[in-house]
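Survey of secondary and tertiary structure
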Amino acid sequence: MNTEMKDIMEQKRFVLHHILYEMQMYVALNNFIQSVKFKDDDRIEKNAVLESYLVHLRNLIYFFSKRKNERYPDDIHFDDVIEGIDDLDVSDIITVKKAKGEKETFSAKRLVNQSVEHIKRIKFDEEAAEKTLELCKQMSVTLPKAIQRFVEALDTNLKKESQDKLESDLKRKDIQEIITLIKEELNAGAKPKKKTASEEV
C-alpha cells in the first residue's frame, strides 16, 4: 500500500471517529447541563460548558442535514455514512410560541452560528439568548433520537460504496468503545430526572 492510499484510509477512519466523538460529547454535555446546578460564582465554568455544548450542537445540526447547496462541500453528512433512513434529516426550522398564541420561526443553523462564531458588531441580545435556550431545549429531544437511530444504522444501513471500509473500522476497539459510551449516555438521558431540592419545594 502506497503512502497516499494509507493516508486516505487513515483520514476515513478519523472521520468516523470524529462523527462519533461529536455525538458522545453532545449527549454527555446535554445530560450534564440538565443535571448540574452552577453556583453564581461559577461563571467561567458555566460559560465553558455552554460554549462547548453549542459547538457540538452546531456540528450535529449540520451533520444531520441532507447535502444541498453546501457552502462547504467537504463537510460530512449522515447520508455520506448510512443510507435508506431519510427521516434522520433534522429540520433547520425552530418554532417558538410567543404571547397571544403567536408563533415565530427561525433558522437553527443561523442562531447557533451567531452564538459561537467570531465577535460581531451586532449585539447578541436577550431575545437571541431566549431563542438559543429554546433551540437547545428542542434539540435536546430531537438530536438524541437522531443519534440513537444513526448508531443503530451502523449495523444495518452502511453506505454501500464504502461498506467494506466502514465495517472494518467498526470492528476496531476504539470505535466500539466510543459507541458503547454513546449508548450509555443515551440510556442515562432517557431515565426520568430526579427533582432537585429547590424544585420539590
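Please read these numbers as outputs of a predicted model, since none were measured by experiment. (Residues numbered from 1 in each chain as written. Predicted model: local features only at pLDDT ≥ 70, side-chain atom pairs only at ≥ 80, totals over all residues. Heavy atoms only, no water.)

1. Thoughts on the side chain of Ser140
By the element assignment, Ser140 lies in helix 4 (residues 126-153). Judged by relative accessible area, Ser140 falls into the buried class, the value being 18%. The contacts of Ser140, once residues within four sequence positions are left out, are Tyr26, Asn30 and Gln34. (Helix = DSSP H or I, 4+ residues; strand = E, 2+ residues; numbered from the N terminus. Buried < 20%, exposed > 50% of the residue type's maximum accessible area, 1.4 Å probe, protein only. Contact = heavy atoms within 4.5 Å.)

2. Structural notes on the packing of aromatic side chains
Tallied over the full model, the rule gives six aromatic pairs. An angle of 80° between the planes, with centres 5.4 Å apart, marks the rings of Phe63 and Phe150 as edge-to-face. Taken as a pair, Phe63 in helix 2 (residues 43-63) and Phe150 in helix 4 lie far apart in primary sequence, 87 residues in all. Side by side, Phe63 and Phe150 carry an identical accessibility label, which is buried. An angle of 85° between the planes, with centres 6.3 Å apart, marks the rings of Phe64 and Phe150 as edge-to-face. A residue pair is termed long-range when its members are at least 10 positions apart, and Phe64 in the loop between helix 2 and strand 1 (93-97) and Phe150 in helix 4 qualify at 86 residues. Just above the ring of Tyr62 sits the side chain of Lys109; from NZ or CZ to the centre is 4.8 Å. (Phe/Tyr/Trp six-rings, centres within 6.5 Å; stacked < 30°, edge-to-face > 60°. Lys NZ or Arg CZ within 6 Å of the ring centre and 35° of its normal.)

3. Brief notes about the pattern of salt bridges
What the rule picks out here adds up to four salt bridges. As a salt-bridge pair, Glu83 and Lys160 come within 3.3 Å of each other at their nearest N and O atoms. Residue Glu83 is found in the loop between helix 2 and strand 1, and its partner Lys160 is found in the loop between helix 4 and helix 5 (163-170); the two are separated by 77 residues along the sequence. Taking relative accessible area as the criterion, Lys160 reaches 63% and is therefore assigned exposed. (Salt bridge = Lys/Arg side-chain N within 4 Å of Asp/Glu carboxyl O.)

4. Considerations on the packing of helix 2 against helix 3 (residues 108-116)
Two numbers describe how helix 2 lies on helix 3: the axes approach to 10 Å, and their chain directions differ by 150°. Classed by the angle they form, the pair helix 2 and helix 3 counts as roughly antiparallel. Here helix 2 runs over helix 3; the crossing is left-handed. Contact with helix 2, carried on its side by Glu51, Leu54, Val55, Leu57, Arg58, Ile61 and Tyr62, involves Ala108, Lys109, Val112, Asn113, Ser115 and Val116 of helix 3 and no other residues of that element. (Axes fitted to C-alpha atoms, helices over the stretch in contact; angles between N-to-C directions. Parallel < 35°, antiparallel > 145°, perpendicular 65-115°, else oblique. Left-handed = near helix turned anticlockwise from the far one by under 90°.)

5. With respect to a nonpolar patch on the surface
A cluster of nonpolar side chains, namely Phe32, Ile33 and Leu50, defines an oily patch on the protein surface of about 220 Å² accessible area. In this structure, Phe32 sits in helix 1 (residues 3-35). Overall, Phe32 belongs to the partly exposed group, its relative accessible area being 32%. (Patch = residues over 30% accessible without salt bridge, like charges linked within 9 Å, V, L, I, M, F, W, Y side chains within 5 Å. Areas by Shrake-Rupley, 256 points an atom, 1.4 Å probe, with all protein chains shown as cover.)

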